[in-house]
Amino acid sequence: MAVLAPGTPAPSFRLARADGSSFTEQDLQGRVSALVFYPFAFSPVCTDQLQLYEPLTRELAEGGDVLYGISCDATYSQTAFAEQLAVSCEQLSDFEPKGAACLAFGVLHEGGFAQRALVISGPDGVLRWTYQAASPGELPPPELLREGLRAAGAVR
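As the structure is a computational prediction, the values presented were derived from the model and not from experiment.

## Describing the packing of aromatic side chains
For the coordinates displayed, the defined rule picks out eight aromatic pairs. Aromatic side chains Tyr38 and Phe81 sit 5.8 Å apart centroid to centroid with 40 degrees between the ring planes, which places their arrangement in the tilted category. Of this pair, Tyr38 sits in the loop between strand E3 (33-37) and helix H1 (44-62) while Phe81 sits in helix H2 (residues 75-85); the two residues are 43 residues apart in sequence, bridging distant segments of the chain. Relative accessible area serves as the criterion here: at 0%, Tyr38 is assigned to the buried category.

Here you go:
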């Protein structure tokens, strides 16, 4: 399975926010959205990744754009994870039905968790840039994410 290609409209999906409300493809409209799919809250590489991306999270927010962390963990785990790391990106859960959104984006690992992938959606909900790591243990550097955000016109 491979991540959806740039130029593809965002698929229909539903993720859960920490407050229990839904996040869908409609929430991608109107701004650039960086979707950071990661395998597991509290795992070493995921911990490093979200902390390294924190400056980009703040930079995007200044321009009205947004970065989201997405995993198949329950919202309670994601909330504790974000609090422990002191990161500000909103966490979105693909826990129920487990992996359905990851599958829609082409990033569901055969083990039932999110592949490590980056997806940039434009204000029109069309994917502008995508990347999937060769393995879940590979950490995409912040400059790679910045490259995708530049391609979508979100950062300089």
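## Side note on the environment of Ala16
Positionally, Ala16 belongs in strand E1 (residues 14-16). Overall, the relative accessible area of 19% leaves Ala16 in the buried class. Sequence-distant contacts of Ala16, that is, excluding residues within four places in its chain, are made with Ser21, Thr75, Gln91, Leu92 and Ser93.

About the cut-offs
Residues numbered from 1 in each chain as written. Predicted model: local features only at pLDDT ≥ 70, side-chain atom pairs only at ≥ 80, totals over all residues. Heavy atoms only, no water. Phe/Tyr/Trp six-rings, centres within 6.5 Å; stacked < 30°, edge-to-face > 60°. Helix = DSSP H or I, 4+ residues; strand = E, 2+ residues; numbered from the N terminus. Buried < 20%, exposed > 50% of the residue type's maximum accessible area, 1.4 Å probe, protein only. Contact = heavy atoms within 4.5 Å.

The values reported here are purely geometric and, on their own, carry no functional implication.
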